[in-house]
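# A look at the structure
As a plain string of letters, each chain reads:
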Amino acid sequence: MTRRSVLIGTGSALPKRAVSNAELAETVDTSDEWIVERSGIRQRYLADAQETTSSLGTAAAKAALAAAGLEGRDIDLIVLATATPDQTFPATATIVQDAIGANGGIAFDVAAVCSGFLYALGVADSMLRTGMASRALVIGSETFSRILDWEDRTTCVLFGDGAGAVVLEARETDDKTGAGILGSKLHADGAHNQLLYVDGGPSTTGEVGKVRMKGNQVFKHAVNNLADVLREVLELTETDAAAIDWVVPHQANARIIEGTARKLGLPMDRVIMTVDQHANTSAASVPLALDQAVRDGRIKPGQLVMLEAMGGGFTWGASLLRI
Ligand code: UT7
């Protein structure tokens, strides 16, 4: 018998306000045509002053709990991925924990920017399998709009706000191909820090800072790193790419998603794409896309799903699970 982390619920939350490319072009020197052609983005959701990383994370967590038929008190581990916490400390996970009534369990944040959800999933999966916890909420939540420089058209048009969450339950199984997380790989390479970063922080400027990105250089690394890590996970889990029912990629750029799928010979009709609606929501993008595809019935129980992401650091990773 082995202990495996099984996904038993998904949820997501978006701010109320959707902002189209055309609306953005009223205040930013850009156009709908440029944004769609270069990134595939058509709109993004932007948080108002009352909508925070913890409030969006809490809404996503509640939706995931409802889908799993559970309540906050059933959860003994919360791992929340974010680059935009409510405060430097306490961890936003503890704010969500209190809001859903999961008090007393483990709760902490992880920072791996756009790969944050994959990192959080890896950490939660390890803790569930070693018996440190029995039911986990893994959340990706961001109010990325708070750290955007609205004068910098090369970054501000690309990002949005939102949150996604999954509930994982540790289960004993001897079925090697049954439901659960089958294998994950995570990487980081700090040599590329300066290609995607925030120009501030508590220990340096004392200010929150703004996102800076050399987009075209990030782009080149992204396709290669993602294709490599997907191959690693396929090898680790002894899975043929053709057996994958769905890929849920990080939603940064439609061209990166298409390029990665092409490298692995995966047809686009097996790839979940939400970048047009959500833009890049950093740590929230993978669980947001996953929840959308579960709720609209595309992703079904028994299917094999690959999650993947790449972001600042650089960090990147992938995880294969059977729903
Ligand atoms: O989630 C973390 C990982 N992040 C990513 O994966 C992002 C990766 N990068 C990208 O998605 C793409 O590189 C971008 C969408 C950011 C940019 O696309 P690109 O095809 O690499 O364009 P570029 O940066 O090479 O810029 C091309 C041109 C430039 O003008 P010149 O120098 O050729 O005259 C830019 O000044 O487009 C110009 N430009 C814009 N024009 C209108 C840059 N931003 C804009 C804009 N509107 N918003």
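What counts, and at which threshold
Residues numbered from 1 in each chain as written. Predicted model: local features only at pLDDT ≥ 70, side-chain atom pairs only at ≥ 80, totals over all residues. Heavy atoms only, no water. Near = heavy atom within 4 Å. Polar contact = N/O pair within 3.5 Å; in protein donor to acceptor, adjacent residues only side chain to side chain. Areas by Shrake-Rupley, 256 points an atom, 1.4 Å probe, with all protein chains shown as cover. 1 Å grid on protein atoms, 1.4 Å probe; cavity = no way out; pocket = protein on both sides within 12 Å on 5 of 7 lines; lining within 4 Å. Sits in = over half its atoms within 2 Å of the grid points. Helix = DSSP H or I, 4+ residues; strand = E, 2+ residues; numbered from the N terminus. Nonpolar A, V, L, I, M, F, W, Y, C, P; charged D, E, K, R; others polar. Domains from an automatic or database assignment. Pairing = 2+ DSSP bridges. Axes fitted to C-alpha atoms, helices over the stretch in contact; angles between N-to-C directions. Parallel < 35°, antiparallel > 145°, perpendicular 65-115°, else oblique. Left-handed = near helix turned anticlockwise from the far one by under 90°. Contact = heavy atoms within 4.5 Å. Salt bridge = Lys/Arg side-chain N within 4 Å of Asp/Glu carboxyl O. Buried < 20%, exposed > 50% of the residue type's maximum accessible area, 1.4 Å probe, protein only.

## Section: the site of the ligand
- The local shell around the ligand holds 23 residues, among which Thr-30, Arg-153, His-250, Asn-253 and Asn-280 are the closest.
- Residue Asn-280 places a side-chain N or O atom 2.7 Å away from an oxygen atom belonging to the ligand.
- Surface burial for the ligand is 74%, taken as the share of its 960 Å² of free accessible area covered by protein chains.
- When each cavity is represented as a set of grid points, the ligand is found to reside in the second largest pocket.
- For the shell around the ligand, the secondary-structure elements that each account for two or more residues are α2 (32-39), α6 (153-156), α7 (215-236), α8 (254-264) and β12 (304-311).
- Top contributing element to the shell around the ligand by residue count: α7, with four residues.
- Residues that form the shell around the ligand fall into these classes: 11 nonpolar, eight polar and four charged.
- Looking at the shell around the ligand, you find at least three residues from each of domain 1 (2-173) and domain 2 (180-322).

## Concerning the sheet that holds β12
- One open sheet holds the four strands; their spatial order is β8-β13-β12-β11, and the pairing between them is mixed. Across the chains shown, the open sheet's two edge strands, defined by having one partner strand only, are β8 (180-188) and β11 (246-249). Each adjacent strand pair in this sheet contributes to an overall mean axis angle of 10 degrees, direction not counted.
- Alignment of β11 against β12, held across four bridges, turns out to be parallel. Among the inter-strand pairings, Val-248 is bridged to a residue of β12, identified as Leu-307.

## Considerations on the packing of α7 against α8
- It is the contact of α7 with α8, at a shortest axis distance of 9 Å, that shows an interaxial angle of 40 degrees. Taken together, α7 and α8 sit at an angle that is classed as oblique. Here α7 and α8 pass one another in a crossing that is right-handed. Touching Phe-219, Ala-222, Val-223, Asn-224, Leu-226, Ala-227, Leu-230 and Arg-231 of α7 are Arg-255, Ile-256, Gly-259, Thr-260, Lys-263 and Leu-264, all from α8.
- Looking at the contact of α7 with α8 residue by residue, the classes come out as eight nonpolar, three polar and three charged.

## Here we look at the environment of Cys-156
- The residue Cys-156 is located in helix α6 in this model.
- Between the alpha carbons of Cys-156 and Ser-145 there is a distance of 7.9 Å; along the sequence they are 11 residues apart.
- Once residues lying within four places of it in the same chain are set aside, the contact partners of Cys-156 are Leu-24, Val-28, Leu-148, Asp-149 and Trp-150.

## Some words on the pattern of salt bridges
- Scanning the model with the defined rule gives 15 salt bridges in all.
- The salt bridge involving Arg-135 is made with Glu-169; its shortest N-O contact spans 2.5 Å. Of the two residues, Arg-135 sits in strand β6 (residues 135-143) while Glu-169 sits in strand β7 (residues 161-173), which places them 34 residues apart along the sequence.
- Here Arg-135 falls in the partly exposed class, since its relative accessible area comes to 23%.
- When the shortest N-O distance is used, the salt bridge between Asp-296 and Arg-298 registers 2.8 Å.
- Using a relative accessible area of 43% as the deciding quantity, one classes Asp-296 as partly exposed.
- Residue Arg-298 is classed as partly exposed on the basis of its relative accessible area of 28%.

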